[in-house]
Structures are given as C-alpha cells and as structure tokens.
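Commentary on secondary and tertiary structure
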Amino acid sequence: MPRRERAYEWVVDIDIEQFFDKVNHDKLIQILREQVNDSTTLNLIRKYLKVGVVEKGLEKATIKGVPQGGPLSVVCSNVYLDKLDKELEQRGLRFTRYADDGAPRRRVQVA
C-alpha cells in the first residue's frame, strides 16, 4: 500500500497522569502472577517495587508506584496496562502506547 494511503486524519497524545507514582503493588503482582509462575521472580520484583526512595537525604518507604527510569519500570507499566490495550483494541481503536504515554489515531483514505 503506498504511504499516502496509510495516512491518519488525527492523532491524540495521551498521558496517564502520575501513573508511575500510583501503581498499586499488590495489583501489579497479581497481574504478573497470571503470567509468571515463579515465586522467586515475583518476590524479587516486589522487593524492587518496595526499595524506597531518598528525598532530601532521608530514606522514604515506597508503598505504591514504580520507580521511573529503572530497568523494570517500562515492563511493569506495559504489564499493568495490557488489559487497557486489549479493551481499546476490542473497541476497534488504533493506538500506539509506550509505558504511560499513548497516541490513539484514526485512519482515513487519502485521495
């Protein structure tokens, strides 16, 4: 198909506000457990999630959220948002998502 016949009429850029700050650890582990049948791996991921942060020189416990920029942050967000992706696909929406950012789009024929 020639490139111009694959044009899109509009694109919407979306961002899930404070996504990485608000991910529920228990829900994420529950979702991971559906695909990962290894308690050692799941325990390691839980430890990664609960490692904490340093703010103004003080260590602070992490009870929710996923560390941004870490090696697992994108993987965790993709796993967490997989059901959203499937719902959008089921509704016939075309989109591209990377971590918590997405861009739904609508295809039109260009004459």
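These notes cover the structure that comes with them. (Residues numbered from 1 in each chain as written. Predicted model: local features only at pLDDT ≥ 70, side-chain atom pairs only at ≥ 80, totals over all residues. Heavy atoms only, no water.)

**Notes on the nonpolar core**
If you look at the biggest cluster of nonpolar residues, it comprises 13 residues, and the most contacted ones within it are Leu 28, Leu 32, Leu 49 and Val 66. Where this core is concerned, the elements lending two or more residues are helix H1 (19–22), helix H2 (25–33) and helix H3 (39–49). Apart from the residues lying within four places of it in its own chain, the contact partners of Leu 32 are Leu 42, Ile 45 and Val 79. (Core = buried A, V, L, I, M, F, W, Y, C linked by side-chain atoms within 4.5 Å. Buried < 20%, exposed > 50% of the residue type's maximum accessible area, 1.4 Å probe, protein only. Helix = DSSP H or I, 4+ residues; strand = E, 2+ residues; numbered from the N terminus. Contact = heavy atoms within 4.5 Å.)

**Thoughts on unusual backbone geometry**
A positive phi is found at Gln 18, a non-glycine position, where the angle reads about 55°. The phi torsion at Lys 56 lies on the positive side, around 55°, for a residue other than glycine. Locating Lys 56 in the fold gives a position in the loop between strand S3 (53–55) and strand S4 (58–60). Residue classification places Lys 56 among the exposed residues on the basis of a relative accessible area of 85%.

**Focus on the packing of H2 against H3**
Relative to each other, H2 and H3 sit at 155°, their axes nearing to 11 Å. Accordingly, the angle class assigned to the pair H2 and H3 is roughly antiparallel. Considering only the axes of H2 and H3, their crossing is right-handed. Listed contacts from H3 to His 25, Asp 26, Leu 28, Ile 29, Leu 32 and Arg 33 of H2 are Leu 42, Ile 45, Arg 46 and Leu 49. (Axes fitted to C-alpha atoms, helices over the stretch in contact; angles between N-to-C directions. Parallel < 35°, antiparallel > 145°, perpendicular 65-115°, else oblique. Left-handed = near helix turned anticlockwise from the far one by under 90°.)

**Comments concerning the pattern of salt bridges**
The full count for this structure, using the stated rule, is five salt bridges. Arg 46 is paired through a salt bridge with Asp 26; the nearest N and O atoms lie 3.1 Å apart. Of this pair, Arg 46 sits in helix H3 while Asp 26 sits in helix H2; the two residues are 20 residues apart in sequence, bridging distant segments of the chain. Classification of Arg 46 by relative accessible area gives partly exposed; the value is 23%. Across the pair Glu 87 and Arg 91 runs a salt bridge, and its minimum N-O distance is 2.6 Å. When its relative accessible area of 62% is taken as the criterion, Arg 91 is described as exposed. (Salt bridge = Lys/Arg side-chain N within 4 Å of Asp/Glu carboxyl O.)

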